[in-house]
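Here is what each chain is made of, one letter per residue.
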Amino acid sequence: MDGFWTAHLIWFLAGAAFLIAEMALPGFVLLFFALGAFVASLAAYVLGLGVTGQFMVFLGASLAGLALLRRMFLRVFRGRTHAEAGDDADPDAVDTGAGKAALATQAMGPGRPGEIKFRGSFWRAESAEDIDEGANVVIIGQAKNDPGTYLVRRAGAPNQERQGGA
């Protein structure tokens, strides 16, 4: 490409656009496409790769960044919270989501796990009461043996998770 619109400039501008879009949208994924675009820009400038090579570098860098760095970046940018036990709490305790609202995407009940949508992702959930699909729920905490499973109760219902209530 001759003139002002060279391949490395187009990749650089695409990376900048991904960064701007990341600031406007939730999900924390576009950052890795921006990383891939910047790496492809560098590869186009330094190595003089063709279009196919540039796309391969873009995809490889984006997927590698997503696989290797997303979990670490989520911890850094979302932060961690201290347990509610006070100053004696473990400073590395992770936010359990307790008290936050979620949406039941699968029905659940005692001995019958279901699923909720929370913070833009789908999570396994358990409840001491029957909860229908589409119901609003409140997170009580995380299951003791499975940090990927939340304990929930129906929104607006009294807090009866320990009492086996209706």
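As shown above, the structure is provided for reference.
(A) Just the nonpolar core, in detail. Counting 12 residues, the largest nonpolar core is built from Ala-102, Ala-104, Met-108, Ile-116, Phe-118, Ala-125, Ile-131, Ala-135, Val-137, Ile-139, Tyr-150 and Val-152. Only strand 1 (101-106), strand 2 (114-118), strand 4 (136-142) and strand 5 (149-154) provide two or more residues apiece to this core. If sequence neighbours within four positions are ignored, Ala-135 has contacts with Ala-102, Leu-103 and Ala-104.

(B) Seen up close, the side chain of Glu-22. Note that Glu-22 resides in helix 1 (residues 7-24). Contacts of Glu-22, omitting those with residues within four sequence positions, involve Phe-28, Val-29, Leu-30 and Leu-31.

(C) Just the packing of helix 1 against helix 2 (residues 30-46), in detail. Put simply, helix 1 and helix 2 touch, their axes get as near as 8 Å, and they point 165° apart. Accordingly, the angle class assigned to the pair helix 1 and helix 2 is roughly antiparallel. Relative to helix 2, the crossing made by helix 1 is left-handed. Where helix 1 abuts helix 2, its residues Ala-7, His-8, Trp-11, Phe-12, Ala-14, Gly-15, Ala-16, Phe-18, Leu-19, Ala-21 and Glu-22 lie against Leu-30, Leu-31, Phe-33, Ala-34, Ala-37, Phe-38, Ala-40, Ser-41, Ala-44 and Tyr-45. Grouping the amino acids of the contact of helix 1 with helix 2 by side-chain chemistry returns 17 nonpolar, 3 polar and 1 charged.

Calculation notes
- Residues numbered from 1 in each chain as written.
- Predicted model: local features only at pLDDT ≥ 70, side-chain atom pairs only at ≥ 80, totals over all residues.
- Heavy atoms only, no water.
- Core = buried A, V, L, I, M, F, W, Y, C linked by side-chain atoms within 4.5 Å.
- Buried < 20%, exposed > 50% of the residue type's maximum accessible area, 1.4 Å probe, protein only.
- Helix = DSSP H or I, 4+ residues; strand = E, 2+ residues; numbered from the N terminus.
- Contact = heavy atoms within 4.5 Å.
- Axes fitted to C-alpha atoms, helices over the stretch in contact; angles between N-to-C directions.
- Parallel < 35°, antiparallel > 145°, perpendicular 65-115°, else oblique.
- Left-handed = near helix turned anticlockwise from the far one by under 90°.
- Nonpolar A, V, L, I, M, F, W, Y, C, P; charged D, E, K, R; others polar.

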